[in-house]
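The chain contents come next:
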Amino acid sequence: MSDNPKVGFISLGCPKALVDSERILTQLRCDGYEISPNYDNADVVVVNTCGFIDSAKAESLAAIGEALKENGKVIVTGCMGHNPQEITEVHPQVLAVSGPQQYEQVVNAVHDVVSPPAHDPYIDLVPAQGIKLTPRHYAYLKISEGCNHNCTFCIIPDLRGKLVSRPLGEVMAEAEGLVRSGVKELLVVSQDTSAYGIDSKFGLGFWGGRPVKTDFYSLVKHLGELEAWIRLHYIYPYPHVDKILPMMAEGHILPYLDIPFQHASHTVLKSMRRPAHAEKVINRIHKWREVCPDLTIRSTFIVGFPGETEQDFETLLDFVKETRIDRVGCFKYSPVDGAKANALDNHVPNEVMDERWDRLMEVQQKISAEKLQTKVGQKMTVLVDEIDDARVIARSPADAPEIDGRVLITTGEEIEPGEFLEVTITGADEYDLYAEF
Ligand code: SF4
């Protein structure tokens, strides 16, 4: 087990309570906590209670008592939390009490007892801003842990080991539970989403009474059967990614690919130990857009990798211009303790890195502004994230939460977060769209 904080979890009650438990556990895992199988190892224990009948209440109180005795730090949630005195009269030592579906309160109570691990952009799957409970209408779905690659700037394989995929039946059960609990968008995350199932040799599992293969194609196919937007993150550019583009074109899942290409220069990619065929990648991107013209591609790049020359950097700039990648996250190289890249020669001075970062972002901003401008006048479906004063803040299929743009809507209507709206785009800037409902 890693050094990450650990949460013990006891889930009592009916299937609805189980869905609540899954929702809380999903969020805790995304925040970096591990789920402990026993009391001794846990930094805190959450008890999701049932308060339906007297015997269920008695069972819940007994479970709380046992957790207090064995661990001492206990947070209570679920149906019995409707009436907190029933719990605190018997167990005044409990640290917090919340009711059913009060996910935010439970997760915040865990944060208060033991802070989540600090965000590390090199190893975390969820953006820093995401280390809070996601709003109820979207959720991250983690499909695997670890990675089989050896990128020289990354220590994930050392920290988290080789790829271990969750069986597809288990992933689908969690996804279905999240959708049942009101989630409208699932963000599929892992260290290497397109490698899903390779470790288990694409073994068979079961979902909905039928056999399902644990592989990337079946994952996308079955997730697409749910009543939710499905967004894929952290795709490695394997050839089999091509197969899912028709499903995107047909609207089965969102036409959105998050592929961290990291660089485009052959020399830099080789020294990163990443696939080093930028020309092939360019051709594939053009083909993907032929199959799915609405495709949004998001990517991340590292500038200033050790040994990156001005010519290497210009190759990267040309790649971004040629492929017109829709969304770009750009990181300045910084050494990670234990990464092999630290031993490479010719580290790039900070001022050169800063200058390259500015140049890349300037090119990207222009591409983004031009591409968004072409959307003015279009009608599109957006998902509402929040209401801020009189303004509705939503996202289009091209926008992942926290990292991409927004659609800002002026309307006098009563709108709730989590609603889908059909809007007309009336304006655009570098990153955001403006719309009317
Ligand atoms: S693909 Fe490379 S960067 Fe991504 S987790 Fe694996 S080793 Fe790290």
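The structure reproduced in this document is the subject of the present report. These figures come from a predicted structure and were not determined experimentally.

## Remarks on the overall build of the chain
Here comes step 1: Looking only at helices and strands, the chain has twelve helices and 20 strands in total.
Here comes step 2: For 437 residues, the compact-globule estimate of 2.2 N^0.38 gives 22 Å, and the chain sits close to it at 23 Å.
Here comes step 3: Along the three orthogonal principal directions, the C-alpha set of the chain runs to about 70 × 55 × 45 Å.
Here comes step 4: Per element, the accessible surface of the chain, about 19500 Å² overall, is 52% carbon and sulfur.

## Brief notes about the packing of aromatic side chains
Here comes step 1: The final tally for this structure, using the stated rule, is seven aromatic pairs.
Here comes step 2: Plain terms: the ring middles of Phe305 and Tyr333 are 5.3 Å apart, the flat faces sit at 80 degrees to each other, and that makes the pair edge-to-face. Separated by 28 residues along the polypeptide, Phe305 in the loop between β14 (296-303) and α11 (310-323) and Tyr333 in the loop between β15 (327-332) and α12 (350-373) bring together distant segments of the chain.
Here comes step 3: Overall, the relative accessible area of 6% leaves Tyr333 in the buried class.
Here comes step 4: Between Arg231 and the ring centre of Tyr256, over which it is positioned, the NZ or CZ distance is 4.5 Å.
Here comes step 5: The ring of Trp357 carries Lys332 above its face, with NZ or CZ at 5.2 Å from the centroid.

## Remarks on the pattern of salt bridges
Here comes step 1: Tallied over the entire structure, the rule returns 25 salt bridges.
Here comes step 2: In this structure, the salt-bridge partner of Glu355 is Arg359, at a minimum N-O distance of 3.3 Å. Note that Glu355 and Arg359 are positioned in helix α12 at a spacing of four residues, about one turn of the helix.
Here comes step 3: For Arg359, a relative accessible area of 23% corresponds to the partly exposed category.

## So, the pairing of strand β20 (residues 433-436)
Here comes step 1: What you see with β20 is a clean split: Leu433 and Ala435 sit on the buried side and Tyr434 and Glu436 on the side with no burial.
Here comes step 2: Taken together, the four bridges between strand β18 (residues 407-410) and β20 define a ladder with parallel strand orientation. Pairing of Val407 across the sheet is with Leu433, part of β20.
Here comes step 3: As paired strands, strand β19 (residues 420-428) and β20 are joined by four bridges and run antiparallel to one another. When the sheet's bridge partners are listed, Thr424 is paired in β20 with Glu436.
Here comes step 4: Counting the residues that bridge the hairpin from β19 to β20 gives four residues.

## Examining unusual backbone geometry
Glycine aside, a negative phi is what most residues show, and trans is what most peptide bonds show.
Here comes step 1: Backbone geometry places Tyr234, a non-glycine residue, at a positive phi of 55 degrees.
Here comes step 2: Relative to the helices and strands, Tyr234 resides in the loop between β12 (229-232) and α8 (245-249).
Here comes step 3: Of note, the phi angle at Asn346 is positive, near 55 degrees, even though the residue is not glycine.
Here comes step 4: Tracing the chain through its elements places Asn346 in the loop between β15 and α12.

## Digging into the environment of Glu279
Here comes step 1: Along the polypeptide, Glu279 turns up in helix α10 (residues 278-291).
Here comes step 2: Residue Glu279 is classed as exposed on the basis of its relative accessible area, which comes to 55%.
Here comes step 3: Between the C-alpha atoms of Glu279 and Phe319, which are 40 residues apart in sequence, the distance is 8.9 Å.

## Let's talk about empty space enclosed by the protein
Rolled over the atoms, a probe as big as a water molecule pinpoints where empty space is left.
Here comes step 1: Counted by the stated rule, this structure contains three cavities of 30 Å³ or more.
Here comes step 2: In this structure, the largest cavity spans a volume of roughly 90 Å³.
Here comes step 3: What lines the largest cavity is Pro237, Pro260, Phe261, His263, Ala264, Leu269, Arg274, Pro275, Ala278, Val281 and Phe319.
Here comes step 4: Per-class residue counts for the lining of the largest cavity are nine nonpolar, one polar and one charged.

## A short note on the packing of helix α6 (residues 168-180) against helix α7 (residues 216-223)
Here comes step 1: Contact geometry of α6 with α7 gives a least axis separation of 11 Å together with a crossing angle of 25 degrees. Taken together, the axis directions place α6 and α7 in an arrangement best described as roughly parallel. Read as a crossing pair, α6 and α7 show a hand that is right-handed. Judged by residue contacts, Leu168, Val171, Met172 and Ala175 of α6 engage Ser218, Leu219, His222 and Leu223 from α7.
Here comes step 2: Considering only residue class, the contact of α6 with α7 consists of six nonpolar, two polar and no charged.

## A closer look at α10
Here comes step 1: Between the first and last C-alpha of α10 there are 20 Å, a value that for 14 residues agrees with the 20 Å anticipated at 1.5 Å per step.
Here comes step 2: By the burial criterion, the buried members of α10 are Ala278, Val281, Ile282, Arg284, Ile285, Trp288 and Arg289. One side of α10 holds all its buried residues, which, seen down the axis, span an arc of 165 degrees. In this structure, α10 carries Glu279, Lys280, Lys287 and Glu290 as exposed residues pointing more than 90 degrees from its buried face.

## Examining the pairing of strand β6 (residues 138-142)
Here comes step 1: Counting buried residues in β6 gives five out of five residues, a clear majority hidden from the surface.
Here comes step 2: Here β6 shows no split at all, with Tyr138, Tyr140 and Lys142 on one side and Ala139 and Leu141 on the other all buried.
Here comes step 3: In this sheet, strand β9 (residues 185-189) lies alongside β6 in parallel orientation, the contact comprising five bridges. For Tyr138, the partnering residue across the bridge sits in β9 and is Glu185.

Calculation rules
- Residues numbered from 1 in each chain as written.
- Predicted model: local features only at pLDDT ≥ 70, side-chain atom pairs only at ≥ 80, totals over all residues.
- Heavy atoms only, no water.
- Helix = DSSP H or I, 4+ residues; strand = E, 2+ residues; numbered from the N terminus.
- Rg over C-alpha atoms; globule rule 2.2 N^0.38 Å.
- Areas by Shrake-Rupley, 256 points an atom, 1.4 Å probe, with all protein chains shown as cover.
- Phe/Tyr/Trp six-rings, centres within 6.5 Å; stacked < 30°, edge-to-face > 60°.
- Buried < 20%, exposed > 50% of the residue type's maximum accessible area, 1.4 Å probe, protein only.
- Lys NZ or Arg CZ within 6 Å of the ring centre and 35° of its normal.
- Salt bridge = Lys/Arg side-chain N within 4 Å of Asp/Glu carboxyl O.
- Pairing = 2+ DSSP bridges.
- 1 Å grid on protein atoms, 1.4 Å probe; cavity = no way out; pocket = protein on both sides within 12 Å on 5 of 7 lines; lining within 4 Å.
- Points joined across faces, edges and corners; volume = space filled by probe spheres on them.
- Nonpolar A, V, L, I, M, F, W, Y, C, P; charged D, E, K, R; others polar.
- Axes fitted to C-alpha atoms, helices over the stretch in contact; angles between N-to-C directions.
- Parallel < 35°, antiparallel > 145°, perpendicular 65-115°, else oblique.
- Left-handed = near helix turned anticlockwise from the far one by under 90°.
- Contact = heavy atoms within 4.5 Å.
- Expected span 1.5 Å × (residues − 1).
- Arc of directions from axis to C-beta.

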